[in-house]
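# Remarks on the overall topology
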Amino acid sequence: MIARDTLKGWGFVAPALLWTLAFFVVPFVVMGAMSLATLEGRTLVWGFSLANYAELAQKAYLWRAVLVSLEITLTVTVLSILLAYPLAWIIAFRVPPRWQRLALLLAILPFWTSYVVRSYAWLLVLSREGVVNKALMTLGLIAEPITLANTRIATVTGFVHFFVMLLTLTIFANLIQLSPNYRRAAMDLGANAFQTFRHVILPLTLPGIVTGAFLTFVLCIGDYITPQILGGNNELTVPQVIMVQLGRRADFPLASALAIVLMGLVTLAYLGCARWLRLDRI
Amino acid sequence: MKKLTFALLGSTCLAPAAMAQEELNALVWCDHTDPALIEPFEEAHGVKVNLREYEGTGAALALLEQSRPGDWDVLVIDGIDVFRAVDAGLLAEIPADQLPTGDFFPEVVMAENNGADGKTYAVTEKFGYNTISYNSDKVDPADMEDLTKVWSEKYDGRLTIYDYYLPVMGLAAMSAGIDTADISADTLEELGTVLTDMRGRAASVAGVVASQTALATGEVDIVVGGGEWLTAVLAEEQPELTWTIPEQGAVRWAQSIGVLADSEKPDLALEFVKYIVSPEGQARLATSSCFWGMPANAEAGAHLSDAQKAVLRWDDQPDYLARTQLYPAPDIDLDIEMQDLWLETLSQ
């Protein structure tokens, strides 16, 4: 009977396991092996060489790209949390329940447009002739247009616009699961609003924040489109460098080594937040 | 039995539909995806042409290596990279006597690029220039005739650089008096100095769409590495966006087309190549909605309007061809050094 149940259990998980094996484990092993191969001339030579990883240390633009990717990703993650939390709070506790669905729909509406189109739209908004500069000049706050497009500010803005939606959802999902009794009990025990938030609400909503933050980190650090369109190549991120390696030279070994480094960073991020990570809150 | 009968009937009914059209698979640049270019060939031959766009020769070669033999029939490739496809055994020999190269602008026949060991593997189909595009209302056109003035203090923050290292490094070399063919490891330091100056003045380094958008919206006034391919599609709405070839010259790009060695439809693929280099096909390719460029076949002029020829600067071609140099065509080691220098400059 037990053997039969076990078999049944394996039968249920087999599709997921096979899927993971085919579309994650095998590609990952191939990518790992590729990162240890070398390109001799235009010929791929399989082997066990750490030359591609050594290049990371030797070529300043490569490790600089890693640093830039990390800086942008951390900035985006923090800003997105700071903006998403109040938004999720308002939707969860200030918007009447019958309007919550509409409010959430409005919050995620930008998801409905193409990512590329949205990035180019931001480029126009932030350009010297764009809405932001024109508004600031009309208000007399600046005399000359300021450079916003093709900067890190533009990249971060484009990212934050996207990831605030994601974080709002994960935090909202967490907030509405909280019983109002927690707040009432804290108030009864003499805590003021800030203390209630600091010591009761925030710790209880940490899984939602961390889950959204982790997803933001993963998606942001591997993104090519936003920094390419909005950053104006004024600083390079790892995905941009990977694309250059592939575009003309087809240097898959070096590109794979860079991709492994990215995965390493994501793994570190996972380990850092594993304690609070609750993907079932999404 | 009944099931078998239905199955047979079904397959009999479906067969004509499934087999009605032969298909040709072509790996191309975006200018070939214009229906105005492809549909006349499809109608004339009763075939369906499946087009797959790519960017970067490396990406195309990787895609071909990962494909099954026979998956692809036609390849459009950067003129300077034909030898890479030939070395990899990817291109089939094509009969030179069936190609109208006698009608081509002589400078772009480039038999040495398109062939090896006396055999022809590809044919030039389109060319143009990586030079200086600018907004004539915002900059002094006279300044645009001198490369060193383009990235001078006067235009600080008002230019964008086209995001492809070969033509931009070619322009940097020409501004320093170095021919593109003479770029070597020994000249890279000098090129690096020019690139750093250029980069320091630039607001951004952008791809095709982003640089076009930047120029059209007034974000920048100059595109280093631009040309007719960048401004031609905007000419009607914004005639102030124009381009020139400075006194130091500019870089000439050329794209070639060939038949893949593993094609199972080599005759049809060759017909496609012949159509593309025919005067009619050339006129359509030159004015493709994706980007414009000069047709290799001079007979295409008969199929272009005066306005189209004016945008392409048809009458200036003899002068332009004489004053421009082909893309740098580095060997593998130099290519790696050039790319490293480019990425180093970008990340400064």
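Residues numbered from 1 in each chain as written. Chains lettered and ligands numbered in written order. Predicted model: local features only at pLDDT ≥ 70, side-chain atom pairs only at ≥ 80, totals over all residues. Heavy atoms only, no water.

## Looking at the pattern of salt bridges
One pass over the full model with this rule turns up 14 salt bridges over all chains. Linking Asp156 of chain B and Arg201 of chain B is a salt bridge whose minimum nitrogen-to-oxygen distance equals 3.9 Å. You can see Asp156 of chain B sitting in the loop between α6 (147-150) and β7 (159-162) and its partner Arg201 of chain B sitting in helix α8 (residues 188-201), a full 45 residues away along the chain. The partly exposed category is assigned to Arg201 of chain B, whose relative accessible area is 26%. Linked through salt bridges whose partners overlap, the residues forming this network are Glu55 and Lys59 of chain A together with Asp340 of chain B. (Salt bridge = Lys/Arg side-chain N within 4 Å of Asp/Glu carboxyl O. Helix = DSSP H or I, 4+ residues; strand = E, 2+ residues; numbered from the N terminus. Buried < 20%, exposed > 50% of the residue type's maximum accessible area, 1.4 Å probe, protein only.)

## Side note on the pairing of strand β6 (residues 123-135) of chain B
Residue and element names in this part refer to chain B. Burial analysis of β6 places 13 of its 13 residues in the buried class, the great majority of the element. Across seven bridges, β6 lies against strand β11 (residues 250-259) in antiparallel orientation. Across the sheet, residue Gly128 finds its bridge partner in β11, namely Trp253. Relative to strand β12 (residues 294-295), β6 runs antiparallel, the two being bridged by two bridges. Considered in β12, the bridge of Phe127 is made with Met294. Where β6 and strand β9 (residues 222-226) come together, four bridges link them in antiparallel fashion. Residue pairing across strands places Ser133 opposite Val223, the latter belonging to β9. Of the strand pairs in this sheet, β6 and strand β10 (residues 241-244) are connected by four bridges, and their pairing is antiparallel. Its bridge partner being in β10, Tyr134 is matched across the sheet by Thr242. (Pairing = 2+ DSSP bridges.)

## Considering the interface of chain B and chain A
Taken together, the contact between chain B and chain A spans 35 residues of the former and 27 residues of the latter. For the pair chain B and chain A, the two sides together bury roughly 2,800 Å², of which 49% comes from carbon and sulfur. Connecting chain B to chain A are two salt bridges. Among the elements of the structure, α3 (57-66), α4 (82-87), α7 (165-175), β8 (202-206), α9 (208-217) and α15 (332-346) of chain B are those that each provide at least two residues to the side of chain B that touches chain A. If one sorts the elements of the side of chain B that touches chain A by residue count, α15 of chain B sits on top with eight residues. (Contact = heavy atoms within 4.5 Å. Buried area = accessible area lost by both parts, 1.4 Å probe.)

## Overview of the nonpolar core
Leu75, Met169, Ile222, Val224, Phe272 and Trp342 of chain B are the most contacted members of the largest nonpolar core, which totals 136 residues. Both domains that furnish three or more residues to this core are identified here as domain 1 (22-127 + 253-314) and domain 2 (130-250 + 325-346) of chain B. Counting residues in each nonpolar core, the second largest holds 32 residues, with Ala88, Val160, Phe162 and Phe172 of chain A among its members. (Core = buried A, V, L, I, M, F, W, Y, C linked by side-chain atoms within 4.5 Å. Domains from an automatic or database assignment.)

## With respect to the UniProt feature "transmembrane region" (unreviewed entry) in chain A
Residues and elements named next belong to chain A. The UniProt record marks residues 12-37, 61-90, 102-123, 159-179, 200-225 and 254-277 with the feature "transmembrane region" (unreviewed entry), using the residue numbering of this structure. Along residues 12-37, the helical share is 92% and the strand share 0%, with 38 Å between the first and last C-alpha atoms. Taken end to end, residues 61-90 is 100% helix and 0% strand, and its first and last C-alpha atoms sit 43 Å apart. (UniProt positions renumbered as here; feature names shortened; annotations may be inferred.)

## Considering the packing of α7 of chain B against α8 of chain B
All names here are of chain B. Taken N-terminus to C-terminus, the directions of α7 and α8 make an angle of 105°; their axes are 9 Å apart at the nearest point. In terms of axis orientation, α7 runs roughly perpendicular to α8. Taking contact as the criterion, the partners of Val168, Met169, Ala172, Ala173 and Ser175 in α7 are, on α8, Leu188, Leu191, Val194, Leu195 and Met198. Taken together, the residues of the contact of α7 with α8 break down into nine nonpolar, one polar and no charged. (Axes fitted to C-alpha atoms, helices over the stretch in contact; angles between N-to-C directions. Parallel < 35°, antiparallel > 145°, perpendicular 65-115°, else oblique. Nonpolar A, V, L, I, M, F, W, Y, C, P; charged D, E, K, R; others polar.)

## Some remarks on helix α4 (residues 97-107) of chain A
All names here are of chain A. Buried residues of α4: Gln100, Ala103, Leu104 and Ala107, and no others. Viewed end-on, α4 has its buried residues packed into an arc of 100°, placing them on one side of the element. Opposite the packed face of α4, turned more than 90 degrees from it, sit the exposed residues Arg98, Arg101 and Leu106. On its buried face, α4 sits against α3 (60-94) and α7 (152-175). (Arc of directions from axis to C-beta.)

## Focus: the state of the cysteines
Within this structure, the stated rule accounts for one disulfide over all chains. Its sulfur unpaired, Cys220 of chain A is 14 Å from the next cysteine sulfur, which belongs to Cys273 of chain A. (Disulfide = S-S within 2.5 Å.)

## Examining a nonpolar patch on the surface
All names here are of chain A. On the surface, Leu18, Leu21, Phe24, Val25, Val26, Phe28, Val29, Val30, Leu44 and Trp46 cluster together to form a nonpolar patch covering roughly 890 Å² of accessible area. Counting residues per element, the nonpolar patch draws most heavily on helix α1 (residues 2-35), at eight residues. The residue Leu44 is located in strand β2 (residues 43-45) in this model. (Patch = residues over 30% accessible without salt bridge, like charges linked within 9 Å, V, L, I, M, F, W, Y side chains within 5 Å. Areas by Shrake-Rupley, 256 points an atom, 1.4 Å probe, with all protein chains shown as cover.)

## Some remarks on the domain arrangement of chain B
Residues and elements named next belong to chain B. Taken domain by domain, chain B holds domain 1 (22-127 + 253-314) and domain 2 (130-250 + 325-346). The distance between the C-alpha centroids of domain 1 and domain 2 comes to 26 Å. When the two sides are added together, the surface that domain 1 and domain 2 hide from each other amounts to roughly 1,200 Å², 64% of it contributed by carbon and sulfur. Three residues, Ile80, Trp253 and Arg313, lead the burial of domain 1 against domain 2; their summed loss comes to 49% of the area buried on that side. In this assembly, domain 1 and domain 2 are joined by zero salt bridges. For the interface between domain 1 and domain 2, the tally reads two residue pairs in polar contact (both at pLDDT 80 or more). Tallied by class, the residues present in the side of domain 1 that touches domain 2 amount to eight nonpolar, four polar and two charged. (Polar contact = N/O pair within 3.5 Å; in protein donor to acceptor, adjacent residues only side chain to side chain.)

## Some words on the packing of helix α5 (residues 115-126) of chain A against α7 of chain A
If you want to describe how two helices pack, look at the angle between their axes and the distance between the axes. Residues and elements named next belong to chain A. Direction vectors running N to C along α5 and α7 enclose 130°, while the axes themselves pass 10 Å from each other. With respect to their mutual orientation, α5 and α7 come out oblique. For the crossing formed where α5 meets α7, the hand is right-handed. Listed contacts from α7 to Tyr115, Arg118, Trp122 and Leu126 of α5 are Ala154, Thr157, Gly158, Phe159, His161 and Phe162. For the contact of α5 with α7, the residue count by class is six nonpolar, three polar and one charged. (Left-handed = near helix turned anticlockwise from the far one by under 90°.)

## Focus on the UniProt feature "domain: ABC transmembrane type-1" (unreviewed entry) in chain A
Sites flagged by UniProt as "domain: ABC transmembrane type-1" (unreviewed entry) map to residues 66-273 of chain A. With 77% helix and 0% strand, residues 66-273 of chain A has its two end C-alpha atoms placed 20 Å apart.

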